[in-house]
Each structure stands twice: as structure tokens, then as C-alpha cells.
Amino acid sequence: MQVDRFERYWMWAASGMLVLFLGAIVITAVAGSAHPPSHVETVDPDTIRVAGEFATPGVAATADGGVTVTMRAEFYVFRPEVIRVPAGKPITFRITSPDVLHGFQIVGSNINLTVAPGYVSEATVTFTRLGEYLIVCNEYCGLAHHLMQGKLIVEARQ
Ligand code: CUA
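Since this is a predicted model, take the numbers as computed values, not measurements. (Residues numbered from 1 in each chain as written. Predicted model: local features only at pLDDT ≥ 70, side-chain atom pairs only at ≥ 80, totals over all residues. Heavy atoms only, no water.)

**What about the overall build of the protein?**
For clarity, the threshold we go by: A helix here means a DSSP run of H or I that spans at least four residues, while a strand means a run of E at least two residues long, and both kinds are numbered starting from the N terminus. Put simply, the radius of gyration uses C-alpha atoms, and a globule should come to 2.2 Å times the residue count raised to 0.38. Note on contacts: a residue pair is in contact if any heavy atoms of the two residues lie within 4.5 Å. What sets the accessible areas is the Shrake-Rupley method with a 1.4 Å probe; for residues, cover comes only from the shown protein chains. Counted as positive: Lys and Arg. Counted as negative: Asp and Glu, with His and the chain ends omitted from the count. Throughout, a charge is located at the NZ atom of Lys, the CZ atom of Arg, the CG atom of Asp or the CD atom of Glu.
The helix and strand tally for the protein stands at one helix and ten strands. When the helices and strands of the protein are listed from N to C terminus, the series reads α-β-β-β-β-β-β-β-β-β-β. Taking 158 residues into account, the globule formula puts the C-alpha radius of gyration at 15 Å, and the protein, at 21 Å, lies well above it. In the protein, 58% of the contacts between residues at least 6 apart in sequence involve partners at least 24 apart. For the protein, the accessible surface area stands at approximately 9900 Å², while carbon and sulfur atoms represent 60% of it. The average position of the 11 basic charges and that of the 14 acidic charges among the side chains of the protein differ by 8 Å.

**Comments concerning the sheet that holds strand β9 (residues 131-136)**
Within a sheet, neighbouring strands are paired by backbone hydrogen bonds and run either parallel or antiparallel to one another. To keep things clear, this is the line we draw: The rule for pairing is simple: two strands pair if DSSP sees at least two bridges between them. Axis definition: a line fitted to C-alpha atoms, over the contacting stretch in the case of helices. Angles run 0 to 180 degrees between N-to-C directions.
Read across the open sheet, the five strands follow the order β4-β10-β9-β6-β7; overall the sheet is mixed. Looking along the sheet, the strands with just one partner apiece sit at the ends: β4 (82-86) and β7 (112-115). Strand-to-strand, the axes of this sheet are offset by a mean angle of 20°, without reference to chain direction. Sheet topology note: the β4/strand β10 (residues 149-155) ladder contains five bridges and is parallel. Its bridge partner lying in β10, Pro-86 is registered against Glu-155.

**Looking at the pairing of β7**
Test applied: Each residue's exposure class comes from its accessible area (1.4 Å probe, protein chains only) as a fraction of the maximum for that residue type: buried when under 20%, exposed when over 50%, partly exposed otherwise.
Burial along β7 is one-sided: the face carrying Leu-113 and Val-115 is buried and the face carrying Asn-112 and Thr-114 is not. Where strand β6 (residues 102-106) meets β7, four bridges bridge the pair, whose relative direction is antiparallel. Counterpart to Gln-105 in the pairing with β7 is Asn-112. What sits between β6 and β7 in their antiparallel hairpin is a turn of five residues, with Gly-108 showing a positive phi close to 95°.

**Digging into a nonpolar patch on the surface**
Our working rule: Residues enter patches when they are more than 30% accessible in relative terms and free of salt bridges; like-charged ones are connected within 9 Å and nonpolar ones (Val, Leu, Ile, Met, Phe, Trp, Tyr) within 5 Å. The salt bridge criterion pairs a side-chain nitrogen of Lys or Arg with a carboxyl oxygen of Asp or Glu, the two atoms within 4 Å.
Taken together, Leu-22, Ile-25, Val-26 and Val-30 make up a surface patch of nonpolar side chains, about 410 Å² in accessible area. Mapping Leu-22 onto the fold places it in helix α1 (residues 5-30).

**Section: the pattern of salt bridges**
This structure, assessed with the given rule, holds eight salt bridges. Between Glu-122 and Arg-94 there is a salt bridge, with its nearest N and O atoms 2.6 Å apart. Taken together, the residues Glu-122 in strand β8 (residues 121-126) and Arg-94 in strand β5 (residues 90-96) connect sequence positions 28 residues apart. Among the ionic contacts, a cluster of salt bridges with common partners joins Glu-41, Glu-53, Arg-94 and Glu-122.

Honestly, it's all geometry; don't read function into it.
Structure, rendered in C-alpha cells:
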């Protein structure tokens, strides 16, 4: 089969790009620990306001020395709205929604979760920088989406 010289070059270039991009995915997954969400835990969105851990959102110390922050993202507020956590300890955020899809992004950290009704989104991070962090909803959830924000305050360890 006769393949034009330039067509052959471009075929090699396209094949090279496929290998390059696939390699980038593998390298970031292995070396950078970049993984798609794998935490699947379901809740009944109709009852989370009245029963279970999400009925009383807040900050609690865990037996292993860490901190768990239980939260709800709902029309157009995060509960709790202001969160105080200690620096230098692993902080696990557990968050769900009783209504529609929301986002949970802590600006300046690598926490960026999609909050879907019926599912618990969870992520753990240790903060080293003291001070205030802005929390924003980054999934369009309705007319007041742009007003949906919270505040995280990282305090020196007691
Ligand atoms: Cu909640 Cu946008």
C-alpha cells in the first residue's frame, strides 16, 4: 500500500500523541495520586435533615487524633457556615445534599468535591497554613448559586 510521505509523518505524530497522553494519565495516577472518586456511600436525601449524622452537622474529634467535619450543602448555604479546625491534623470532610447537586471547593486547598443528593462525598486534608479559607459552591444549583459560600478557619493547634 502506498502512503504519502507527509501522511505517514502525521500518522506517526498522532500515534505519538496518543502514547504521550496515555502516559501522562498513568504517570499522574501513579506518581501524583490523581484518582477518580472511589468513595461510594449512599444516604436517603429526604431524611438527612432529621436523622443521622447530617442532622447535626459540625466538627468532631475522632479517636485516632483526627477531626471529622460533617456537613450539608443545601439551597444556598453550607451547614455549618463557619468551620474551625486545627492545623497539622488530618481533617476529613463528609458532606451531602438534601436537594440538588452542589459543589464544595475550599479555595487554596486540593479539596474540590461534587455534592450529589443521595451520596456522601468524603475527602481528607491536613492544613498547614493558618487563617481563613473561602468555601464556594462551584456547581450551578439555582438562582442564588453565586451567594452560596462558607468559611473555614484553620487555627493553631491547642
Ligand atoms: Cu450550591 Cu451552587
